Amino acid sequence: MLRFWLQAAAVAGVYAALTMALAPFSYGPVQVRVSESLTVLPYFTPAAVPGLFIGCLISNAVMSPYPLDFIVGSAATLGAALLSYALRRIPWLVPLPPVVVNGAAIGAMLYYLYGVRPPGVPTALSLPADMGFVAIGEAIACYAIGLPLLKYLERHRRIFEY
Amino acid sequence: MTIRVEHLTHTYNKGLAYETKAVDDVSFEVADGEFIGVVGHTGSGKSTLIQHLNGILKPDAGRIWIGDIDITAKGVKMHEIRKRVGMSFQYPEYQLFEETVYKDIAFGPRNLGLADDEIDERVREAMSLVNLKFDEMAERSPFELSGGQKRRAAIAGVIAMRPEVLILDEPTAGLDPKAHADILSMINSVRERMGGIVILVSHNMDDIAATTSRVFVMDTGRLVRAGAPAEVFSDAGYMRGVGLGLPQATEMAAMLGLDGEPGAGVGAAAGETAPGTILDMDGLVDAIVSARIARGPDAIDGTPRGEEDRNGATRDEKGVGE
Amino acid sequence: MIRDITLGQYYPEYSIIHKLDPRLKLVVTLVYIASLFIIEDFFGYIIVAAAIFAVIAASRVPPRFVMRGLKPILIIIIFTFALNIFMTSGDVLWEYGWLHVTRQGLYTAFFMALRLILLIVGSSLLTLTTKPMKLTDGIESLLTPAKKLGVPTHELAMMMTIALRFIPTLLEETDKIMKAQQARGADFETGSIFRRVKALVPILIPLFVGAFRIAQDLAMAMEARCYRGGEGRTKLNALKFKRRDLAAAFVSAGYVAAIIMERILL
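No experiment lies behind these values; they were computed from the predicted model shown.

### Here's the deal with the overall build of chain A
Item 1. Assigned secondary structure in chain A consists of six helices and zero strands.
Item 2. Along chain A, from the amino end to the carboxyl end, the secondary structure elements read α-α-α-α-α-α.
Item 3. Sorting the 162 residues of chain A into buried and exposed places 65% on the buried side.
Item 4. At a minimum sequence separation of 6, the contacts of chain A that also span at least 24 residues come to 69%.
Item 5. Element-wise, carbon and sulfur atoms account for 73% of the exposed surface of chain A, whose accessible area totals about 5,500 Å².

### With respect to the sheet that holds strand β7 (residues 165-169) of chain B
All names here are of chain B.
Item 1. Ordered in space as β6-β7-β8-β3-β9-β10, the six strands form an open sheet in which the pairing is mixed. The open sheet terminates on both sides in strands that have one partner only, identified here as β6 (85-88) and β10 (222-227). Strand-to-strand twist of the sheet, defined as the mean angle between neighbouring strand axes without regard to direction, takes the value 20°.
Item 2. Here strand β3 (residues 35-40) pairs with strand β9 (residues 214-219) via five bridges, running parallel. Counterpart to valine 38 in the pairing with β9 is phenylalanine 216.
Item 3. Sitting on the sheet, helix α6 (residues 147-159) touches β6 and β7, and the angle it makes with β6 is about 170°.

### Focus on the pattern of salt bridges
Residues and elements named next belong to chain B.
Item 1. Using the criterion set out here, one finds 25 salt bridges over all chains in the structure.
Item 2. Across the pair aspartate 70 and arginine 63 runs a salt bridge, and its minimum N-O distance is 2.9 Å.
Item 3. Exposure remark for arginine 63: the relative accessible area of 40% places this residue in the partly exposed category.
Item 4. Here glutamate 80 and arginine 84 are joined by a salt bridge, their closest N and O atoms 3.4 Å apart. Residue glutamate 80 and its partner arginine 84 are located together in helix α2 (residues 78-84), separated by four residues, close to a single helical turn.
Item 5. The partly exposed category is assigned to glutamate 80, whose relative accessible area is 27%.

### Notes on the packing of aromatic side chains
Item 1. All told, the structure shown has nine aromatic pairs over all chains when counted by the stated rule.
Item 2. Look at B:Tyr91 and B:Tyr94: their rings are 6.1 Å apart centre to centre, the planes differ by 15°, and that puts the pair in the stacked class.
Item 3. For B:Tyr91, a relative accessible area of 32% gives the class partly exposed.
Item 4. Between B:Tyr102 and B:Phe134, the ring centres sit 6.0 Å apart and the planes meet at 80°, which makes this aromatic pair edge-to-face. Taken together, the residues B:Tyr102 in helix α3 (residues 101-111) and B:Phe134 in helix α5 (residues 134-137) connect sequence positions 32 residues apart.
Item 5. Site record: aromatic cluster; members linked through ring pairs are C:Tyr45, C:Phe110 and C:Phe111.
Item 6. Taking the ring centre of B:Trp65 as reference, the NZ or CZ of B:Arg4 above it sits at 4.2 Å.

### Quick look at the interface of chain C and chain B
Interface extent is often summarised as the accessible area lost during association of the parts.
Item 1. If you look at the interface, chain C gives 19 residues, while chain B gives 22 residues.
Item 2. Of all residues in chain C, the largest losses of buried area upon contact with chain B belong to C:Lys179, C:Ala183 and C:Arg184, amounting jointly to 40% of the total for that side.
Item 3. On inspection of chain C and its partner chain B, the count reaches one salt bridge.
Item 4. Here chain C is connected to chain B by five residue pairs in polar contact (both at pLDDT 80 or more).
Item 5. At the level of elements, α9 (153-183) and α11 (201-224) of chain C are the ones that each hand at least two residues to the side of chain C that touches chain B.
Item 6. Sort the elements by how many residues they give to the side of chain C that touches chain B and α9(C) lands first, with eight residues.
Item 7. Looking at the side of chain C that touches chain B residue by residue, the class counts come to nine nonpolar, three polar and seven charged.

### Brief notes about the nonpolar core
Item 1. One finds A:Leu38, A:Leu41 and A:Ile54 to be the most contacted residues of the largest nonpolar core, which totals 72 residues.
Item 2. Among the elements of the structure, α1 (2-21), α3 (48-63) and α6 (126-154) of chain A together with α9 and α11 of chain C are those that each provide at least two residues to this core.
Item 3. Ranked by residues supplied to this core, first place goes to α1(A) with 16 residues.
Item 4. Formed by 47 residues, the second largest nonpolar core is a distinct cluster that contains B:Met127, B:Leu168, B:Ala236 and B:Leu279.

### Quick word on the packing of α1(A) against α11(C)
Item 1. Two elements in contact, α1(A) and α11(C), have axes whose closest approach is 9 Å; the angle formed by their N-to-C orientations is 145°. Every pair of crossing elements has a handedness; the one defined by α1(A) and α11(C) is right-handed. When α1(A) is examined against α11(C), the residues A:Leu2, A:Arg3, A:Leu6, A:Gln7, A:Ala10, A:Val11, A:Val14 and A:Leu18 are found in contact with a partner set consisting of C:Leu204, C:Leu207, C:Phe208, C:Ala211, C:Phe212, C:Ala215, C:Gln216, C:Leu218, C:Ala219, C:Met220, C:Met222 and C:Glu223.
Item 2. Counted by class, the contact of α1(A) with α11(C) contains 16 nonpolar, two polar and two charged residues.

### A look at the sheet that holds strand β5 (residues 69-70) of chain B
All names here are of chain B.
Item 1. Pairing in this open sheet of four strands is antiparallel, and the strands run β2-β1-β4-β5 from one edge to the other. The outermost strands of the open sheet, each flanked by one partner alone, are β2 (20-30) and β5.
Item 2. Alignment of strand β4 (residues 61-66) against β5, held across two bridges, turns out to be antiparallel. The residue of β5 that forms the bridge with isoleucine 66 is isoleucine 69.
Item 3. The strands touched by helix α1 (residues 46-53) are β1 (3-12), β2 and β4; relative to β1, the strand with the most contacts, the crossing angle is about 125°.

### What to know about a nonpolar patch on the surface
All names here are of chain C.
Item 1. Residues Phe42, Phe43, Ile46, Phe81, Tyr107, Phe110, Ile260, Met261, Ile264, Leu265 and Leu266 make up a contiguous nonpolar surface patch of roughly 1,200 Å² in combined accessible area.
Item 2. At the level of elements, α3 (42-59), α6 (103-129) and α12 (243-265) are the ones that each hand at least two residues to the nonpolar patch.
Item 3. Tallying contributions element by element places α12 first for the nonpolar patch, with four residues.
Item 4. Inspection of the secondary structure assignment puts phenylalanine 42 in helix α3.
Item 5. A residue is classified by how much of its surface remains accessible, and phenylalanine 42, at 44% relative accessible area, is partly exposed.

### Observations concerning empty space enclosed by the protein
Item 1. Going through the model one piece at a time under the given rule, you end up with seven cavities of 30 Å³ or more.
Item 2. Roughly 90 Å³ of internal volume is contained in the largest cavity.
Item 3. Lining the largest cavity we find A:Leu6, A:Ala9, A:Ala10, A:Gly13, C:Ile162, C:Ala163, C:Phe166, C:Leu170, C:Ala211, C:Ile214, C:Ala215 and C:Leu218.
Item 4. Looking at the lining of the largest cavity, the elements with two or more residues in it are α1 of chain A together with α9 and α11 of chain C.
Item 5. For the lining of the largest cavity, the class distribution of residues is eleven nonpolar, one polar and no charged.
Item 6. Approximately 80 Å³ is the volume attributed to the second largest cavity.
Item 7. For the second largest cavity, the full set of lining residues is B:Phe89, B:Gln90, B:Tyr91, B:Pro92, B:Tyr94, B:Gln95, C:Glu173, C:Lys176, C:Ile177 and C:Ala180.

Rules of the game
- Residues numbered from 1 in each chain as written.
- Chains lettered and ligands numbered in written order.
- Predicted model: local features only at pLDDT ≥ 70, side-chain atom pairs only at ≥ 80, totals over all residues.
- Heavy atoms only, no water.
- Helix = DSSP H or I, 4+ residues; strand = E, 2+ residues; numbered from the N terminus.
- Buried < 20%, exposed > 50% of the residue type's maximum accessible area, 1.4 Å probe, protein only.
- Contact = heavy atoms within 4.5 Å.
- Areas by Shrake-Rupley, 256 points an atom, 1.4 Å probe, with all protein chains shown as cover.
- Pairing = 2+ DSSP bridges.
- Axes fitted to C-alpha atoms, helices over the stretch in contact; angles between N-to-C directions.
- Salt bridge = Lys/Arg side-chain N within 4 Å of Asp/Glu carboxyl O.
- Phe/Tyr/Trp six-rings, centres within 6.5 Å; stacked < 30°, edge-to-face > 60°.
- Lys NZ or Arg CZ within 6 Å of the ring centre and 35° of its normal.
- Buried area = accessible area lost by both parts, 1.4 Å probe.
- Polar contact = N/O pair within 3.5 Å; in protein donor to acceptor, adjacent residues only side chain to side chain.
- Nonpolar A, V, L, I, M, F, W, Y, C, P; charged D, E, K, R; others polar.
- Core = buried A, V, L, I, M, F, W, Y, C linked by side-chain atoms within 4.5 Å.
- Left-handed = near helix turned anticlockwise from the far one by under 90°.
- Patch = residues over 30% accessible without salt bridge, like charges linked within 9 Å, V, L, I, M, F, W, Y side chains within 5 Å.
- 1 Å grid on protein atoms, 1.4 Å probe; cavity = no way out; pocket = protein on both sides within 12 Å on 5 of 7 lines; lining within 4 Å.
- Points joined across faces, edges and corners; volume = space filled by probe spheres on them.

Just geometry here; none of it tells us what the structure is for.
Here is the structure:
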């Protein structure tokens, strides 16, 4: 049981460290958070669910210019992680929940709470555009990095045992 | 291939109240084929210094020439530098990531854009140089290897790039005695096989004394001594002053009063000036034997300086009795 | 770049704000954020601004540190401002070609920008004056009722504490791994976004394996010291309400009252 929580702490730590190390890209309307590639981890272990949640919480609390990121972003990450865990039987579907959930939640937050309207987009489409931009950033992290990560870690599955 | 460093300075936290000069106006030259040792207390700037040589860090002031390329000039391609200068960091086994040992060692050459057959040749060569049996190890996961094997695999990854300058930061750290010795002999055989400059950063003075031809001593960012090991280690007081030790044999010789005194060296007849500092156990044994021959069986009984020997006589300054 | 990042924005000082119980600070911050969405007019903003300036002064954190949190989103603020000024319809005040500035636009732009700034500044104050560890303790304490619902608050808080403790270590590891791979020719700086992204795998895998190894070792160490989980566990530095926290609570209540009254009366 302890190992479960410590593995979760490891995931949280890596997530937070990566987000902070690559700081300029990690916050703002076009977020390419490399750490989001870790959202494939629920494929290997359920400890990744609280791990991702807390990792996101820490990164947001500590360095985000958007204080509500703290609540909305982290909740979205938790929800997405749970869904990813549920989908763990199908590898290529695992990175999908974060893309969709984060896109929708963070996009909506940016639109309603911060009034972010992307340049060059007619106002009627601003909400979907906000969501779209976040989703694109997520997709790059989750699919372009996440899937190769999954493939590599598959070979080292042993480290996830407890 | 030569290295030239002129007035290299690197400042951390520039402009802030707590800015520190990690490397302070360091200049030196290294000729082709030299084996250089870099020593210094923790925080003396040796790691910072060597990270400039392969372009990972950029200096705040000063210039560095690797061969005929000024790597501190604007617009220098990292690719060009990394082709020439290879570096292995402390605990390099933590950089292993690939699915197989083969693929991990091939990572470097692949980044250089080499063709597959060239890569294959280099991986095989590197593995044999580090004594990892190709047939047994190539297809295994790097994470299955033992500590010593992992380290050798990691270093192989750097060797496979065939750098003209090989820098090794504490390659023997944390290894058991056998693995430690294996790595040292591996470094020597790599050097023989590939030529080029080798730079060894280490806390282990015995390793430095045994392998290098010139030693650079770093102290709080400055290069304070540069010379042959015998020269550098002969000044025990200074070395202690900058927070460093000496090779074990040298310490022992100092304790027994054999350091560089007339007649104490190997083959020196009584009255002749000794060849100088004792750096290894062989030298120490020879010196003890010579001293006993020269001055009789009581010459050395192991009593440290300043204390009473079994006859009640106090060892004088020199420590060696009549 | 990595070296210069300090964990969080904590600014060490001796001020009453720094010494307040983190639970109080958390709740007050939430109340403050909520208040920003209640006020609608100029006077409301005056109250909020006055309050926040008072807190900044009391915290003894140099204003320029507080403003630092605004830097990353300066662009957003300016952008939203410009967009609102030009795109809102209403009584036109000034025209130039197809750009027109309306009174409503000016109003909206100004207030949206102001709200955003106050939001950021207010929440920055929380992290500027509270150590991450204390924040964790505060959150764990506040979430105790959730325990009754089966939420493992102690384990989550422990996880957070351990993760926080290891982040500097992991950051150093990331730095080292990056340099080691760079020394082997890995390139994170040039190339298309896809290439650069693939180049991250040689960093992620070792980082990951390393972090999990630490977790294993730590688990063994904790078990060896008879760690048995959260039941009946006591804290070394338990959070205790002091008189100053009570005083701060009163002041905050006063603030809330002022906001509500302003809203109702004006």
